[in-house]
Amino acid sequence: QVQLVESGGGLVQPGGSLTLSCAASGFTFSAFGMSWYRQAPGKERELVATVTSPSGSTNYADSAKGRFTISRDNSKNMLYLQMNTLNSEDTAVYYCKASRPQYGVNYWGKGTLVTVSS
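Fair warning: this is a prediction, and the values are worked out from it, not measured in the lab. (Residues numbered from 1 in each chain as written. Predicted model: local features only at pLDDT ≥ 70, side-chain atom pairs only at ≥ 80, totals over all residues. Heavy atoms only, no water.)

Chemist: Can you walk me through the sheet that holds strand 3 (residues 18-25) in this structure?
Modeler: Sheets are built from strands that pair by backbone hydrogen bonding, the pairs being arranged parallel or antiparallel. One open sheet holds the four strands; their spatial order is 1-3-8-7, and the pairing between them is antiparallel. Only two strands of the sheet have a single neighbouring strand rather than two, namely strand 1 (3-7) and strand 7 (68-73). Each strand axis lies, on average, 15 degrees off the axis of its neighbour in the sheet, ignoring direction. Pairing analysis gives five bridges linking strand 1 to strand 3, with the strands arranged antiparallel. Residue pairing for strand 3: V5 is matched across the bridge by A23. (Pairing = 2+ DSSP bridges. Helix = DSSP H or I, 4+ residues; strand = E, 2+ residues; numbered from the N terminus. Axes fitted to C-alpha atoms, helices over the stretch in contact; angles between N-to-C directions.)

Printed below as a string of structure tokens:
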């Protein structure tokens, strides 16, 4: 059974930091590209960052560049998103996604809520 379980969300003050985690199971994690997406209230889901495997190449949305760091640990089947200098526009539900586009396979987690507020 495929599972992606996000954790680490919560309430953080503007300027603060937060690290999200995504625990993967039920599939060959190392064979999948991994991504973080987010969906703010009233807005469409948007891509935040991606990391490939096995090279570990990363790519970021402009809004995340210089503030967020995506990483993965294939030995633990874990995906991470380190978020720094958070602001109110980062408030959203954050989702992790596993992809093998060459096979048309995508898995989604259920999300974790990040609220940036004073």
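On we go from here.
Chemist: How do you make sense of the state of the cysteines when you look at a structure like this?
Modeler: One covalent bond between the sulfur atoms of two cysteine residues makes up a disulfide. What the rule picks out here adds up to one disulfide. Here C22 connects covalently by a disulfide to C96, the sulfurs 2.0 Å from one another. In this pair, C22 sits in strand 3 while C96 sits in strand 9 (residues 92-100), placing the two residues 74 residues apart along the sequence. (Disulfide = S-S within 2.5 Å.)

Chemist: How should the side chain of R72 be read in this particular structure?
Modeler: Tracing the chain through its elements places R72 in strand 7. One buried charged residue, R72, remains without a salt bridge, the closest side chain of opposite sign being D73 at 8.3 Å. Among the polar contacts listed, one links the side chain of R72 to the backbone oxygen of F29, at a separation of 2.9 Å. A distance of 3.4 Å separates the side chain of R72 from the backbone oxygen of V51, its partner in a polar contact. What R72 contacts, discounting residues up to four positions off in sequence, is F29, S30, F32, G33, M34, V51, T52, S53, M78 and L79. (Buried < 20%, exposed > 50% of the residue type's maximum accessible area, 1.4 Å probe, protein only. Lys, Arg positive; Asp, Glu negative; His and termini not counted. Salt bridge = Lys/Arg side-chain N within 4 Å of Asp/Glu carboxyl O. Polar contact = N/O pair within 3.5 Å; in protein donor to acceptor, adjacent residues only side chain to side chain. Contact = heavy atoms within 4.5 Å.)

Chemist: Which parts of the structure should I look at to understand the pairing of strand 5 (residues 46-51)?
Modeler: Along a regular strand, successive side chains alternate from one face of the sheet to the other. Across five bridges, the pairing between strand 4 (residues 33-39) and strand 5 is antiparallel. Bridge assignment links Y37 to a residue of strand 5, and that residue is L47. Between strand 4 and strand 5, which follow one another and run antiparallel, lie six residues, and G42 among them has a positive phi close to 75 degrees. Judged from the three bridges that link them, strand 5 and strand 6 (residues 58-60) form a sheet pairing that is antiparallel. Residue pairing for strand 6: A49 is matched across the bridge by Y60. What sits between the antiparallel neighbours strand 5 and strand 6 is a turn of six residues, in which G56 has the positive phi angle 75 degrees.

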